[in-house]
Amino acid sequence: MRCLSCHKLSFSIFCKRCKNELLKPSISKRNIDGLGVYSFYKYYNIEDFLLTKHTPLGFRVYGELSKITFKPFIREFIKNSNIPIYIVGVDESVKSGYSHVALLTHQMRYKGVKVLHNSLIAQNRVNYSGKSLEFRLENPREFIYKGREDINIILVDDIITTGITLKEAKRVLNISGVNTLFALTLATLV
Ligand SMILES: [Zn+2]
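Treat the numbers as computed from the prediction; the structure is a model and nothing was measured. (Residues numbered from 1 in each chain as written. Predicted model: local features only at pLDDT ≥ 70, side-chain atom pairs only at ≥ 80, totals over all residues.)

1. So, the overall build of the protein
(1) Moving on: When you go through the protein residue by residue, the secondary structure sums to 7 helices and 8 strands.
(2) Moving on: For 190 residues, the compact-globule formula gives about 16 Å, and the C-alpha radius of gyration of the protein, at 16 Å, lands near that figure.
(3) Moving on: Taken along its principal axes, the extent of the C-alpha atoms in the protein is 50 × 40 × 30 Å.
(4) Moving on: Taken over 190 residues, the protein has a buried fraction of 31%.
(5) Moving on: Considering only contacts within the protein whose residues lie at least 6 apart along the sequence, 71% involve residues at least 24 apart. (Helix = DSSP H or I, 4+ residues; strand = E, 2+ residues; numbered from the N terminus. Rg over C-alpha atoms; globule rule 2.2 N^0.38 Å. Buried ≥ 20, exposed ≤ 12 C-beta atoms within 10 Å, placed from the backbone. Contact = placed C-beta atoms within 7 Å.)

Given below as structure tokens:
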């Protein structure tokens, strides 16, 4: 096949060179009302790849991006952690045949880490894409949490824009007796 980025022949959807250079993660941190949010990329640097979400190609793109970001991150993190860590994806509902968030969290399975698939579900499926802050505030996701209580979790999402979704997710988890350590996203818009 050909590399999605440089179109050279490649064994995977991104060639080795693109993975090492263009797609080399550069972690940045934002603080959303006391919640630390770490992102691996700036949105506009990988926008074309992120836009494959909900297309058949996105299945491979999101899986591959997670392998070079979330997977090494959690392996490094768990080395220095003496408590069990749980992973909660922000709304792993299936759209167009797969859940792009579940593709991200799936790569985080490891010794000492447990992925709680489908545990935080948005009841309101309104599309936030391109919508204003005001619209987002007026249309909350209305998450329900179905996972375990009394655990420490890392929250996972694909993109952070305003941070409203993560804030709402953290609030619901908090009410459910879950301690959110921090959040991880593939990309940040700012
Ligand atoms: Zn390439």
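2. Details of the pairing of strand β7 (residues 152-160)
Within a regular strand, the side chains alternate between the two sheet faces.
(1) Moving on: Note: strand β3 (residues 85-89) against β7, 4 bridges, orientation parallel. Bridging across to β7, Ile87 finds its partner in Ile154.
(2) Moving on: Pairing geometry for β7 and strand β8 (residues 179-188), over 8 bridges, is parallel. Bridging from a neighbouring strand, Ile159 pairs with Ala187 of β8. (Pairing = 2+ DSSP bridges.)

3. Regarding unusual backbone geometry
(1) Moving on: The phi angle at His7 is positive, at roughly 70°, despite the residue not being glycine.
(2) Moving on: Note that His7 resides in the segment before α1 (16-20).
(3) Moving on: Its identity as a non-glycine residue notwithstanding, Asp150 has a phi of 55°, on the positive side.
(4) Moving on: Position of Asp150 relative to the elements: it lies in the loop between β6 (143-145) and β7.

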